[in-house]
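Structural characterization, general
Chain residues, written in single-letter form:
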Amino acid sequence: MNTPLYKKITLIGIAFLPVFLSSLFSCTERIDINTEASAPRLVIYGSITTDTMQHSIKITRSGGYFSTSKPEGISHAAVSIRTDKETFTLQESSTEAGLYQTGKSVFGTEGETYRLSVALDFDEDGRQETYEAVSYMPGAPRIDSIGFRPSLLADDYLEVAVWGYMPEAEENYLSFHLYRNFEIVNDSLQGFFIIDDRYMDKKEIVDVSCFYLNQEEEQSILREGDIITVRIDGITKEYAAFIKDAQSELWGSDPIFSGPPANVQTNIISKSPSESILVSGFFTAFSGSKKTTVYR
Amino acid sequence: MGFMAKAGKLLLSFFILFILTTFTLPAQEKKFTISGNIKDNSNGEDLIGAEVTISGTRTGTVSNAYGFYSLSLPGGKYTLLFSYIGYLKKEIAVELTSDTKLNIELEMNARELKEVVVSAEERNVTITKAEMSVEKLSAKAIKAVPALMGEVDVIKAIQLLPGVQATSEGSSGFSVRGGGYDQNLILLDEATVYSASHLMGFFSVFNNDAIKDVTLYKGDIPATFGGRLSSLLDIRTKDGNNQRFTGTGGVGLISSRLTLESPLGAKASGLISGRRTYADVFLLLSSDENLRKSSLYFYDMNAKVNFRINDNNRIFLAGYFGRDNFANRFAGMDFGNQTVTARWNHIFSPKVFSNFTLIGSFYDYYLKSNLSEQLNQEWKSRMNDYGMKADFSYLPNPANHLKFGYNFIYHRFTPGEGGGTSNESIIGRIAFPKEYAAEHAVYIANETTIADKLKLKYGLRYSAFQNISNGEEQEYLEDYSVAYTKTCKRGKIYKTQQQLEPRAGITCIISDYHSVKASYSRTAQYIQLASNSASGSPLDVWFQASQNVKPQLCNQFAVGYFRNLADNEYEASAELYYKDMKDVVDFKDHAELLGNKDIEHELRFGKGYSYGLEMMLRKNSGRLNGWLSYTLSKSRRKIDDINNDNWYRSPYDKPHNISIVANYELSPEWIVSANWVYASGTPVTYPTGRLQIENSYVPIYSGRNEYRYPAYHRLDVSATWQLSKPGKRFRHELNFSLYNAYGRKNPWTILFRQENDQPDSSYAEMVYLFTFIPSITWNFTF
């Protein structure tokens with residue numbers, strides 16, 4: 001098992017060639033771009049997982065692209081996540097506006113379908129709008145072991161590889177996260193590493209290199225005795241596409257290998273359609289498994 | 001009206017017109033035909049488009065793509081004038097008392113031998129010829145254009161013509177009158193070239209030393225050709241010198257090239273031409289072992305043999321083989337085109353010329369990774385075309401030229417196959433189903449002259465595309481989702497789509513120096529490129545019209561005014577065009593095209609239009625020559641699910657486009673050239689907002705292509721220094737060129753990033769490619 005074939009091909013083609021071209025000819029320079037700020041959008045983003053913890057949904061108002069402040073959180077929303085059997089009501093955090101959390105003992109269950117409901121008055125017209133999103137919780141993979149080795153691809157890099165098993169579902173989409181001494185290493189969208197098994201014969205995870213750590217950069221150096229945790233989440237196909245599309249928009253486009261830029265699709269549906277309110281973001285459910293080892 | 005009824009009506013109209021223009025001419029006495037070939041006397045090359053006229057009249061004809069001419073006249077004495085730009089005119093007195101064979105050899109004008117001659121046609125042909133929206137460039141003019149890294153490039157020269165623009169900085173992709181870069185039919189000796197670029201598009205696959213004739217049809221495409229919506233670029237290679245052994249070559253900074261031509265016995269001649277880059281040779285000097293093990297090159301080779309069996313039969317065999325290869329120790333890719341054509345010219349009678357062609361056209365790419373036995377993978381894609389053409393040309397009298405024929409192409413596409421490369425591999429192997437199709441076309445067209453002043457051109461092309469089952473289950477989509485599936489027996493035709501493509505034109509010759517023309521053409525395109533990038537990559541695959549994909553259609557209307565000045569020293573023209581496109585194919589947002597066997601799921605359909613005004617002033621010869629062109633245009637599209645179903649600018653919408661090309665002979669030793677281009681900025685979608693996801697800011701975009709990059713402009717200059725004395729057999733020269741002479745930073749792309757130290761702040765970063773690229777090339781001929 002490894003990165004699926006088409007991704008590997010993409011990796012070879014998309015990564016190798018632009019790097020080659022850039023090294024030959026390209027230069028960069030900062031420029032000023034004046035764009036008219038679009039109308040603020042409602043952004044709803046969050047998840048529920050199989051971990052027993054406070055699960056959160058963040059509700060914000062989007063800002064202008066060249067804004068220098070954090071997005072404004074939207075308070076006073078009614079937020080809940082429910083299944084056919086139970087409902088979790090989320091309360092707004094007392095320390096961060098727009099952050100809504102479940103209780104600490106909440107956990108999701110594989111195979112369940114979760115529905116997010118949000119009610120708020122985004123356009124401040126005195127009437128509440130309601131929004132919904134649905135996500136199925138796929139099964140979790142199993143991690144048997146973690147290994148480390150100097151990278152073949154680049155000097156000074158260390159590869160983190162894993163062994164284990166995919167869930168038995170026909171199609172699996174997995175997201176990888178790495179923790180060093182319980183601190184997450186890949187905590188940004190760019191750091192998300194997602195693979196799928198659409199073109200793989202086996203459900204076995206064998207020697208999958210999931211992280212490449214530059215041993216010349218302080219934030220990714222591994223030292224003897226470091227406690228290393230790999231977390232692999234079984235995510236939905238829709239969430240994998242959302243992350244992949246968001247990543248590609250972050251990376252930007254070029255005239256040879258990229259399509260035109262486009263807004264990332266959301267699964268948040270407005271139940272009180274208003275042409276003046278556009279909504280973005282994503283709600284998902286995923287199941288995770290972890291494995292911890294000590295780096296030697 | 002049903003398809004057959006439409007076809008019947010159009011055919012009936014054709015024949016009524018043909019009968020009216022052919023048989024209602026005044027009754028004439030018995031006619032005889034004078035015919036033959038027109039050649040260059042120094043090398044035996046056929047001269048394409050050479051004029052044959054009866055001295056003092058406008059009655060005449062032009063030689064075809066094989067140098068053949070035919071003129072049927074009443075018996076009597078005539079003085080025939082043979083002319084071709086850059087050559088001395090030849091007048092020959094003939095007395096026609098029977099059908100006569102007259103082969104002509106023209107001598108190159110000694111002065112123009114070294115002078116750049118911009119056009120490849122006789123001086124007032126643009127006024128009198130019954131065609132418009134056509135651009136011809138001579139190999140010398142192409143060579144004179146200052147070139148990127150000294151690599152003379154036919155496509156880069158074409159991009160300087162009105163109505164044509166590069167798809168991106170440095171790219172060999174081009175858009176004609178707002179069309180996509182996959183809507184250009186590129187023919188090399190009649191074989192389709194599917195990917196006309198090397199090195200990610202920065203150089204084209206055409207070696208100028210091997211090229212004899214380049215014609216670009218931006219509209220008014222003859223009925224003889226079809227299969228693409230926007231344009232036809234018809235490139236013919238030299239036949240090979242049949243007088244003596246000659247060579248042409250050059251050594252440049254990134255590549256060297258050599259072309260050899262020779263007679264092969266009394267009746268045959270041949271050409272072989274090769275070019276190869278050598279960046280990888282320099283990599284061997286690197287101290288870095290990884291770099292020493294890398295490969296980085298492209299090469300191409302043209303070969304051609306022609307054999308004259310007798311005056312009525314001639315055979316041509318031509319081939320092109322080109323390849324790019326890039327690899328380091330972990331990964332590699334190579335890709336390339338191969339084309340082969342075998343042609344048989346047969347003259348049935350002095351009035352009937354025919355050409356039969358067998359064609360093979362192939363393109364493939366191959367990717368591999370070289371990490372470990374377990375992880376090594378490969379991926380390849382290939383397309384094979386096998387075709388045949390039968391083209392006939394009948395010249396019943398000087399007033400009519402009838403053409404008819406049949407074209408056939410069998411397409412076999414392998415969209416992708418690959419996987420693990422060893423027994424120890426943990427990666428499976430997959431193969432996407434192969435796709436098969438047959439593309440047919442029959443055409444008939446006539447060009448007629450009425451009273452020397454009026455030329456009419458009318459034709460009809462019937463095209464049909466048949467999908468042939470690969471035995472796999474076929475999906476039938478409705479509203480872009482699978483509605484049902486069906487399986488057909490392997491080899492069975494399961495879908496046929498057909499189109500009638502009428503073509504028409506009228507030329508009104510007001511005087512020897514000005515004319516007015518109008519044309520209409522309908523074109524259909526049955527295969528398209530699976531790429532939604534602006535200029536395409538070698539990894540793009542072509543896909544076919546099918547039960548889910550209708551052929552794209554374009555109706556183009558054009559009118560033009562053509563004026564020659566100062567005794568034909570200057571050519572001026574203005575053309576207005578309007579293109580209406582139906583069933584235009586595009587891709588949904590975030591389409592996954594690479595390695596996707598369900599590409600049809602990613603398609604979206606719609607319509608488009610473009611219109612514009614093209615103006616050109618050209619000085620064809622003299623110490624100072626060149627051209628100035630300006631294009632004012634607009635191009636829009638409306639595609640399902642894109643831009644909220646609203647109209648948007650096409651990626652090639654650049655309202656203003658200016659090109660100035662000038663060559664000046666400073667002295668017998670020095671020729672200097674320059675070109676300056678200006679184009680409105682490329683349409684682009686900019687972020688106008690942002691949302692925060694996973695500690696990162698994801699852009700929220702404006703409407704599709706709502707903004708533009710900064711305007712593009714660039715000046716290139718070159719100087720050629722003749723090192724040899726006149727009259728020497730071995731001649732050589734040095735060419736110095738400077739691309740982007742004033743170092744304009746034209747955006748190739750603009751990226752949007754977050755500040756590392758202030759993650760809540762974003763900035764825009766322009767990526768630009770070429771500033772001040774100097775080069776030097778040594779060229780020689782013997």
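Residues numbered from 1 in each chain as written. Chains lettered and ligands numbered in written order. Predicted model: local features only at pLDDT ≥ 70, side-chain atom pairs only at ≥ 80, totals over all residues.

**What about the confidence of the model for chain B?**
Put simply, the rule reads: pLDDT gives the predictor's per-residue confidence on a scale running from 0 to 100.
Taken over all residues, the pLDDT of chain B has a mean of 89, while the share at 70 or more is 97%. Scoring the predicted complex yields pTM 0.89 and, for the interface, ipTM 0.89.

**Here's the deal with helix 2 (residues 237-251) of chain A**
Side chains of residues three or four places apart in an α-helix project in the same direction, reflecting 3.6 residues per turn. What counts, and what does not: The way it works is that DSSP assigns letters per residue, a run of H or I at least four long becomes a helix, a run of E at least two long becomes a strand, and they are numbered from the N terminus. Helix span, as expected, comes to 1.5 Å for every residue beyond the first. To sort residues by exposure, count the other C-beta atoms lying within 10 Å of each residue's C-beta; 20 or more gives buried, 12 or fewer gives exposed, and values between give partly exposed, all with C-beta atoms placed from the backbone. The contact criterion used here is simple: two residues whose C-beta atoms, placed from the backbone, lie within 7 Å are in contact.
Taking 1.5 Å of rise per residue, 15 residues should cover 21 Å, and helix 2 of chain A covers 21 Å from first to last C-alpha, within 8% of that figure. Among the residues of helix 2 of chain A, Tyr239(A), Ala240(A), Phe242(A), Ile243(A), Ala246(A), Glu249(A) and Leu250(A) are the ones counted as buried. Those residues of helix 2 of chain A that are buried lie in contact with strand 12 (173-180), strand 14 (193-196), strand 16 (227-235) and strand 18 (279-294) of chain A together with strand 44 (687-693) and strand 45 (696-701) of chain B. Looking one or two places after helix 2 of chain A, you find Gly252(A), whose phi comes out positive at around 95 degrees.

**Observations concerning the domain arrangement of chain B**
Residue and element names in this part refer to chain B. Here is the rule: What marks off one domain from the next here is an automatic or database domain assignment. Note on residue classes: Ala, Val, Leu, Ile, Met, Phe, Trp, Tyr, Cys and Pro are nonpolar, Asp, Glu, Lys and Arg are charged, and everything else, Gly too, is polar.
Per the domain assignment, the segments of chain B are domain 1 (3-109) and domain 2 (134-781). A separation of 32 Å is found between the C-alpha centroids of domain 1 and domain 2. Secondary structure elements with two or more residues in the side of domain 1 that touches domain 2: helix 1 (3-23), strand 1 (31-40) and strand 4 (68-74). Looking at which element gives the most residues to the side of domain 1 that touches domain 2, the answer is helix 1, with 10 residues. When the residues that make up the side of domain 1 that touches domain 2 are grouped by side-chain class, the tally is 15 nonpolar, 12 polar and seven charged.

**So, the nonpolar core**
Heads up, the condition is: For this analysis, nonpolar core means a set of buried Ala, Val, Leu, Ile, Met, Phe, Trp, Tyr and Cys residues linked through C-beta atoms within 7 Å.
With 101 residues, the main nonpolar core has Ile142(B), Val154(B), Ala157(B), Ile158(B), Leu187(B), Ile235(B) and Trp542(B) as its most contacted residues. Residue contacts for Ile235(B): discarding those within four places in its chain leaves Val154(B), Leu187(B), Leu188(B), Phe206(B), Ile211(B) and Val214(B). In terms of nonpolar packing, the next biggest core, distinct from the first, is built from 67 residues, Ile57(A), Ile74(A), Phe122(A) and Leu250(A) among them.

**Let's talk about the interface of chain B and chain A**
The interface is formed by 69 residues belonging to chain B together with 69 residues belonging to chain A. Of all elements in the fold, only strand 23 (331-349), strand 24 (352-369), strand 25 (377-397), strand 26 (400-420), strand 44, strand 45, strand 49 (747-754) and strand 50 (762-768) of chain B reach the threshold of two or more residues within the side of chain B that touches chain A. Looking at the side of chain B that touches chain A, its residues break down into 37 nonpolar, 25 polar and seven charged.

**Examining the environment of Thr53(B)**
All names here are of chain B. Tracing the backbone through its elements, the reader meets Thr53 in strand 2 (residues 51-54). With 119 residues separating them along the chain, Thr53 and Ser172 place their C-alpha atoms 39 Å apart. Beyond its immediate sequence surroundings of up to four residues, Thr53 is in contact with Arg58, Thr59, Gly60 and Leu81.

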